[in-house]
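A look at the structure
Spelled out from the first residue to the last, the chains are:
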Amino acid sequence: MRIQLLPSTFDAQGVATLEQRLTCFVIDDCVAVDAGSIAIALNNEQRSKVRDIIVTHPHMDHVASLPIFIDDLYPTLKEPMRIYATEEVIGLLERDVFNWNLYPRFSDLKNDYGPVMEYIPIPIGESFRVAHLNVVAVPVNHIVPTIGLIVSDGQKSVAFSSDTAETEEFWKIVNEMKGLDALLIEASFPDHMAKLAHVSRHFTPASLGQELKKLTHNGMDIMAVHLKPTYRDQIVEQLDALNIPKLKVMEPGRVYEW
Ligand SMILES: [Zn+2]
Ligand SMILES: [Zn+2]
C-alpha cells in the first residue's frame, strides 16, 4: 500500500515544505483520507483518479479544499465524487459547508454525465469497501464526531488515528490486528501546551507516549502526523526524546510504501 501525506504549502521554488497545515492522505493514488489539501497538492494522475474520499471529521484542516476540488472537476466528472463519512458528519458537511452559503450543495447538482457528488454513510465497527480497500471505522475522542480508520488492501494494513486524545476502542481494534504494518497517529501540540491539547482533544508527545503504552504488540511503523506547524521542531524533539522504537515523523510529500 502506498500512502502519501499531501503537502499543504510549497516554497518559492515549488518544493513542498515540511509543515503540515492541512490533512489529506492519498492511498495508492486513488483513495483520499480527508481532504484538507486535496485541491492544491494532488499530481495530475492522482487528480484524474481520486473519486473516493473518506472524511474522518468536518474540521477545516481536514476539508478545507474539498469544495474547491469538486468545483475544479465539476464539468469533467464522469462519475460522482464519493464522500464516505458517518451520518453525523454528512449532516454537518451539508449544514455547514455544502449549504449554498459557504459553497454550493454539490450533492443536489448534476453535470452532463450525471450527479457530481454522492455521500456514502460509513457504518461503525464493520468492514466496508472503498475502491480496492477494506476499511473499518472506529469512533475516537475528539471535540466533534470523529473516526479513526483501519485500512487493508488484503496484504497490508494501516491504522489512521485521525485527530484524537486518549481513547479506548481504537486500541482494542489495533491490538487485535497483530499483522498491522503501520500506525499513523496524531501529535498536535508540544508538551508545554498540554492544557490546550486537552481541551481541543489532541495529543502532545508526553500524552502520546502514555497512550502508546496501550499497544499490546509492536513492530509496526509508528508515524506521527498532524504536528502544528508553528511548533514542529519542538514536537519533533520531544517525540525523539520518547525513545520509542520505530516512531518517526511522517514527511508531507513523501510516498511511503507498506
Ligand atoms: Zn480536528
Ligand atoms: Zn485536524
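See the structure shown above.
Counting restarts for each chain: residues are numbered from 1 in the order of the written sequence. A letter from A marks each chain and a number from 1 marks each ligand, given out in the order of writing. Local features in this predicted model are restricted to residues whose pLDDT is 70 or higher, and side-chain atom pairs enter the listing and the counts only when it is 80 or higher, whereas totals over whole chains, interfaces and linings include all residues. The side-chain quantities take in all heavy atoms of the structure and omit both hydrogens and water.

1. Remarks on the coordination of the zinc ion (ligand 1)
Bound to the zinc ion (ligand 1) are the protein donor atoms His57 (NE2), His59 (ND1), His142 (NE2) and Asp163 (OD), situated 2.1 to 2.3 Å from the metal. The rule for donors is simple: N, O or S, within 2.8 Å of the metal, or within 3.2 Å if the metal is Na, K or Ca. Water isn't counted, so a site may look like it is missing partners. A four-donor site is classed as tetrahedral when every donor-metal-donor angle falls between 85 and 135 degrees; four donors are called square planar, and six octahedral, when trans pairs exceed 155 degrees and all remaining angles lie between 65 and 115, with any other arrangement labelled irregular. Around the zinc ion (ligand 1) sit four donor atoms; with metal-centred angles ranging over 91 to 164°, the donor geometry is irregular. In the primary sequence, the donor residues of the zinc ion (ligand 1) line up as H-x1-H-x82-H-x20-D. A gap of 3.4 Å separates the zinc ion (ligand 1) and the zinc ion (ligand 2), which Asp163 links by coordinating each metal. Taken as a pair, His59 in the loop between β4 (52–54) and α3 (60–63) and His142 in the loop between β10 (133–139) and β11 (147–152) lie far apart in primary sequence, 83 residues in all. Only protein chains enter the accessibility calculation, which uses a 1.4 Å probe; a residue is then buried when its area is under 20% of its type maximum, exposed when over 50%, and partly exposed in between. His59 gets classed as partly exposed once you look at its relative accessible area, which sits at 23%. Each helix corresponds to a stretch of at least 4 residues labelled H or I by DSSP, and each strand to a stretch of at least 2 residues labelled E; elements are numbered beginning at the N terminus.

2. A look at the coordination of the zinc ion (ligand 2)
Each pair of donors in an ideal octahedron of six around a metal sits at 90 or 180 degrees, and each pair in an ideal tetrahedron of four sits at 109.5 degrees. Those protein atoms acting as donors to the zinc ion (ligand 2) are Asp61 (OD), His62 (NE2), Asp163 (OD) and His226 (NE2), and they sit at 2.0 to 2.1 Å. Here the zinc ion (ligand 2) binds four donor atoms, and the angle range of 90 to 167° at the metal identifies the geometry as irregular. Donor residues for the zinc ion (ligand 2) sit on one chain with the sequence pattern D-H-x100-D-x62-H.

3. Details of empty space enclosed by the protein
Over the atoms a probe the size of a water molecule is rolled, and this reveals where empty space is left. The distinction between a cavity and a pocket rests on a 1 Å grid over the protein atoms alone: a 1.4 Å probe fits inside a cavity but cannot get out, while a pocket stays open yet meets protein on both sides within 12 Å along at least five of seven lines, and a residue with an atom within 4 Å of a point counts as lining. Grid points are joined across faces, edges and corners, and a volume is the space filled by probe spheres set on the points. Applying the stated rule across the entire model yields two cavities of 30 Å³ or more. Approximately 100 Å³ is the volume found for the largest cavity. Taken together, 15 residues make up the lining of the largest cavity; nearest its centre are Thr23, Phe25, Ser162, Asp163 and Val225. Classes in brief: Ala, Val, Leu, Ile, Met, Phe, Trp, Tyr, Cys and Pro nonpolar; Asp, Glu, Lys and Arg charged; the others, Gly included, polar. Looking at side-chain class alone, the lining of the largest cavity contains five nonpolar, seven polar and three charged residues. The calculated volume of the second largest cavity comes to roughly 40 Å³. Lining of the second largest cavity is provided by Leu18, Gln20, Leu227, Arg232, Val249, Met250 and Pro252. Considered class by class, the residues forming the lining of the second largest cavity number five nonpolar, one polar and one charged.

4. A few points about unusual backbone geometry
Note: most residues except glycine have negative phi, and most peptide bonds are trans. Not every positive phi belongs to a glycine, and Asp29 is a case in point at roughly 60°. Given a relative accessible area of 13%, Asp29 falls into the buried group. Located in the positive-phi region is Ser162, a residue other than glycine, with phi close to 55°.

5. Overview of the environment of Pro145
Residue position: Pro145 is located in the loop between β10 and β11. Through-space distance from the C-alpha of Pro145 to that of Phe170 is 14 Å; in sequence the pair is 25 residues apart. Residue contacts are defined here by distance: any two heavy atoms, one from each residue, within 4.5 Å place the two residues in contact. Leaving out residues up to four positions away in the same chain, Pro145 has contacts with Thr56, His57, Pro58, Glu88, Val89 and Leu92.

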